[in-house]
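Summary of structural features
Next come the chains, spelled out residue by residue.
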Amino acid sequence: MKLISIVFVLFVMVSVVYIIPVAYAEEDDDEDDREGFGEMKREREHQDEGIPIGTDVGNVILYGTIAAIGVSVAYTAFKITSSKRKSSSKS
Amino acid sequence: MTNKKTNLKFIAFLILLSFLVIPPTLAYADDDDEAEDIVENLGWVAVGAGIVANVPFIAMNKIRRYTLKTGNSTMQVAKQIRTVYKPILNFHIMLNSIGYFAGMTHGLMLSRHLDSVSLSLAIVMSVMMVSGLLLKYTSSRNSKIFGKLLHGQFGLVILLASLVILHIVVGDD
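Given the structure is predicted, the values throughout are model-derived calculations rather than measurements.

**A closer look at the overall build of chain A**
Looking only at helices and strands, chain A has three helices and zero strands in total. Taken from the N to the C terminus, the helices and strands of chain A come in the order α-α-α. Within chain A, buried positions represent 11% of all 91 residues.

**With respect to the overall build of chain B**
Helix and strand content of chain B: six helices and zero strands. For chain B, the α and β elements follow one another from N to C terminus as α-α-α-α-α-α. Among the 173 residues that make up chain B, the fraction classed as buried is 27%. Residue pairs in contact within chain B that sit at least 24 positions apart in sequence constitute 61% of those at least 6 positions apart.

**Observations regarding the confidence of the model for chain B**
All names here are of chain B. When the pLDDT values of chain B are averaged, the result is 82; 80% of them are 70 or greater. Mean pLDDT values over the elements of chain B span from 65, in helix 1 (residues 2–28), up to 90, in helix 4 (residues 116–137). Under the prediction, the complex receives an ipTM of 0.70, its pTM being 0.70.

**A short note on the packing of helix 3 (residues 56–90) of chain A against helix 4 of chain B**
Two elements in contact, helix 3 of chain A and helix 4 of chain B, have axes separated by 8 Å at closest approach and are oriented at 10°. Overall, the two elements helix 3 of chain A and helix 4 of chain B adopt an arrangement that is roughly parallel. Between helix 3 of chain A and helix 4 of chain B, the contacting residues are Gly58, Asn59, Ile61, Leu62, Thr65, Ile66 and Ile69 of chain A on the first element and Ser116, Val117, Leu119, Ser120, Ile123, Val124 and Val127 of chain B on the second. Grouping the amino acids of the contact of helix 3 of chain A with helix 4 of chain B by side-chain chemistry returns nine nonpolar, five polar and no charged.

**Section: the environment of leucine 166 of chain B**
Examined against the element boundaries, leucine 166 of chain B turns out to sit in helix 6 (residues 154–172). Placed 45 residues apart in sequence, leucine 166 of chain B and leucine 121 of chain B show a C-alpha to C-alpha distance of 9.6 Å.

**A look at the nonpolar core**
The nonpolar side chains of a soluble globular protein tend to be buried, and buried together. One finds Val117, Leu121, Val124, Met125, Met128 and Leu163 of chain B to be the most contacted residues of the largest nonpolar core, which totals 15 residues. Elements with a contribution of two residues or more to this core: helix 3 of chain A together with helix 4 and helix 6 of chain B. By residue number, the principal contributor to this core is helix 4 of chain B, which donates seven residues. When residues no more than four places from it in sequence are discounted, the contact partners of leucine 163 of chain B are Val117, Ser120, Leu121 and Val124 of chain B. The next biggest cluster of nonpolar side chains, apart from the first, holds eleven residues, and it includes Val39, Ala53, Met109 and Leu110 of chain B.

Parameters and conventions
- Residues numbered from 1 in each chain as written.
- Chains lettered and ligands numbered in written order.
- Predicted model: local features only at pLDDT ≥ 70, side-chain atom pairs only at ≥ 80, totals over all residues.
- Helix = DSSP H or I, 4+ residues; strand = E, 2+ residues; numbered from the N terminus.
- Buried ≥ 20, exposed ≤ 12 C-beta atoms within 10 Å, placed from the backbone.
- Contact = placed C-beta atoms within 7 Å.
- pLDDT = per-residue confidence, 0-100.
- Axes fitted to C-alpha atoms, helices over the stretch in contact; angles between N-to-C directions.
- Parallel < 35°, antiparallel > 145°, perpendicular 65-115°, else oblique.
- Nonpolar A, V, L, I, M, F, W, Y, C, P; charged D, E, K, R; others polar.
- Core = buried A, V, L, I, M, F, W, Y, C linked by C-beta atoms within 7 Å.

Shown next as structure tokens:
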């Protein structure tokens, strides 16, 4: 019964998560009716946004993140092994 | 036995129903203008869920640790916090799962605008999610300790928060 209630609450929350953005977006349908030149401008705006993969800054961010994750995983593993070694040497 | 069967039927019904709920959202993804608004909103849902799920939980843990450290006079507060710990933990898990899936859907729908900040954010979110699942569902003692240490690492939390802020700033430009 507990599992059912958890699944039910999860379902309701997931549904809300998916429905709200759709409903909210439908409200301002008419706000953005750009055609022709406006549309081309919009496409260009999208091409310019973000920090693309492969650029210097992009690579620094991506490899920096991967390195940070690697370091934290290694640090965690080191902490566990060192505490195990300590406890085995005590006994 | 029959109770279990009814439960399974109900779960199957909910899964089927969710297939009716999610496709309309995905269908909008083909329509450029409306889709981008929806997908952006999904991103904000992920950010909101993350803030609501984590800020009270981290604050509660900090207060609990502080009260345990300071001793007798504040022990009552620590006891009170212990009674509400489980519901708040469940709330934390549930909202974070929703935030994770909303964020991933947002990322998958906008994958043609993929940049390094978004990719880094997806990687960090997945690491946090996997360590959380490891912490919750594994029975091995070592995996539990590993999950606990990795999930609670301050560096990863700071990295996640700064990537979210960077993603919002870069996305808004």
